[in-house]
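Each chain is listed here by its residues.
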Amino acid sequence: MPPQVGIVSLGCPKALVDSELIVTRLRAEGYEISPEYRDADLVVVNTCGFIDEAVAESLESIQEALSENGRVIVTGCLGAKGTLVSDRFPHLLAVTGPHASDEVMQAIHRHLPPEHDPYTSLIPPQGIKLTPGHYAYLKISEGCNHRCSFCIIPSLRGELASRPLHEVMEEAERLIDSGVRELLVISQDTSAYGVDLRYRTGFWKGRPVKTRFLQLTRELGELGAWVRLHYVYPYPHVDEVLPLMAAGKILPYLDVPFQHASPRILRDMRRPARSENTLSRIERWRETCPELTIRSTFIVGFPGESEDDFEALLEFLDRAQLDRVGCFAYSPVEGASANALPDPVPEKIKQERVQRFMTHQAEISAARLQKKIGTLMDVLVDAIEGDTVVARSAADAPEIDGQVLFKGSSGIQAGDMARVKILNADEHDLYAEPVA
């Protein structure tokens, strides 16, 4: 039997891409991936270390892997937090930080040398993916140049480091050739792509193309798959991609983490502090592309957040009419400068505001989905559950947004596109019937 490695992947899609790279390298060297602790010769746990809940989940996963298997390598963001992991778990085989596939592979080689076999070492050209075969995450850069007071990503993942444009495009093309129907473009700051490289000119298909957000997006839009943009910081040049959405080149979808709407709180967060400009930008975006779906995330209970600040956030929701929204109660992160801010919000008030926020947004989301009743749309099928087809529209990213549900016709499979008519809606999902 070839050597067996178990993989536990936690955290954001960027961490998932790191796990995919490790799995790809393992399979290329003849290792097998074990779905069970008991069958694995060792286990790699890719951790998240951003907020308290993620740290707790990562620590629990490490403990479980040690208890069930005993031979464990830890990687990911939690591994970058000094000696936190090694002090708590002194018997780990190795501990590395994020995007450290070389170090992880060195540790695996040290504790479980590969047995090369040219037959078992063959891998598909797109690598090994941990997502379903019809969609994949495409990571275009690492790190971040911002210094938001609540975040420690730059200390965990470093400064912005954009991938060469030809490298991104080659990976995208391999994925689509393998059957991927949807590319989910991710990074810590997607719209900053190329800043660190000073937008230098690269080459794709023999043509010069600048290493820049707009140019990359335009090229991806020519590959014939859905292209969905995540983690888009609202720089002025983001406006330039809206015509591509209106023209059907990329999905009319923007994931923009606004975080708050109170100018005072945004200033303390070290975010742009002019929510009125944000509202006018959103209005212009929708004028250019009326089908645009906007997703965002917000933090409530940030230190010093008053009831007036929170009410300003609710008013922003009313005016912005965002389609998809997530909300988190502020959680102190070790090493974040926000920890030193005065007037922490009591936990009870934080949780109460989360509930008020989500109730408020649920009414907005439900009203916007009701407007889709009676419309026709193309959907991408994710799964077949009994006689129900679980699909997504252009407005729905996998795992974080809603679904389109309908009774299946014979022969439909995951990864297929289907045309449906929307019959009903609730706060999150749409209910449909297939049409010829």
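Data block above holds the structure.
Residues numbered from 1 in each chain as written. Predicted model: local features only at pLDDT ≥ 70, side-chain atom pairs only at ≥ 80, totals over all residues. Heavy atoms only, no water.

Asks: Looking at this model, I keep getting lost on the packing of helix 11 (residues 307-320) against helix 12 (residues 347-370). Mind explaining?
Replies: Geometry of a packed helix pair, given as the angle between the helix axes and the separation of the axes. Across the interface, helix 11 lies against helix 12 with an axial gap of 10 Å and an inter-helix angle of 15°. When the axis of helix 11 is compared with that of helix 12, the two are roughly parallel. Considering the relative orientation of helix 11 and helix 12, their crossing is right-handed. Along its contact with helix 11, which presents Glu307, Phe310, Glu311, Leu313, Leu314, Leu317 and Asp318, the element helix 12 presents Arg353, Arg356, Phe357, His360, Gln361 and Ile364. Grouping the amino acids of the contact of helix 11 with helix 12 by side-chain chemistry returns 6 nonpolar, 2 polar and 5 charged. (Axes fitted to C-alpha atoms, helices over the stretch in contact; angles between N-to-C directions. Helix = DSSP H or I, 4+ residues; strand = E, 2+ residues; numbered from the N terminus. Parallel < 35°, antiparallel > 145°, perpendicular 65-115°, else oblique. Left-handed = near helix turned anticlockwise from the far one by under 90°. Contact = heavy atoms within 4.5 Å. Nonpolar A, V, L, I, M, F, W, Y, C, P; charged D, E, K, R; others polar.)

Asks: Can you walk me through helix 11 in this structure?
Replies: In an α-helix, one full turn covers 3.6 residues, which means residues spaced three or four apart are oriented alike. Between its first and last C-alpha, helix 11 extends 20 Å over 14 residues, near the 20 Å set by a 1.5 Å rise per residue. Residues of helix 11 that are buried include every one of Asp309, Phe310, Leu313, Leu314, Phe316, Leu317 and Ala320, and no others. All buried residues of helix 11 lie within an arc of 150° about the axis, which places them on one face of the element. Residues of helix 11 that are exposed and angled more than 90 degrees away from the buried face: Asp308 and Arg319. Two residues or fewer after helix 11 comes Gln321, characterised by a positive phi angle close to 50°. (Expected span 1.5 Å × (residues − 1). Buried < 20%, exposed > 50% of the residue type's maximum accessible area, 1.4 Å probe, protein only. Arc of directions from axis to C-beta.)

Asks: For this particular structure, what's the right way to read the side chain of Ser141?
Replies: Tracing the backbone shows Ser141 in strand 7 (residues 141-142). Judged by relative accessible area, which is 1%, Ser141 ranks as buried. Here Ser187 takes part through its side chain, which lies 3.5 Å from a polar atom of the side chain of Ser141. Once you skip the residues sitting within four places of it in the chain, Ser141 turns out to touch Leu160, Ala161, Ser162, Arg163, Ile186 and Ser187. (Polar contact = N/O pair within 3.5 Å; in protein donor to acceptor, adjacent residues only side chain to side chain.)

Asks: Mind showing me how you'd approach the layout of surface pockets here?
Replies: Vacant regions in the atomic arrangement are exposed by a probe of water-molecule size rolled over the atoms. Counted as a void, the second largest pocket has a volume near 660 Å³. Pro252, Glu291, Met377, Ala394 and Ala395 are, among the 29 residues lining the second largest pocket, the residues nearest its centre. Elements that contribute at least two residues to the lining of the second largest pocket include exactly strand 12 (226-229), helix 8 (242-246) and strand 16 (376-385). Take the lining of the second largest pocket: its biggest share by element is 3 residues, from strand 16. Residue classes in the lining of the second largest pocket are distributed as 15 nonpolar, 6 polar and 8 charged. (1 Å grid on protein atoms, 1.4 Å probe; cavity = no way out; pocket = protein on both sides within 12 Å on 5 of 7 lines; lining within 4 Å. Points joined across faces, edges and corners; volume = space filled by probe spheres on them.)

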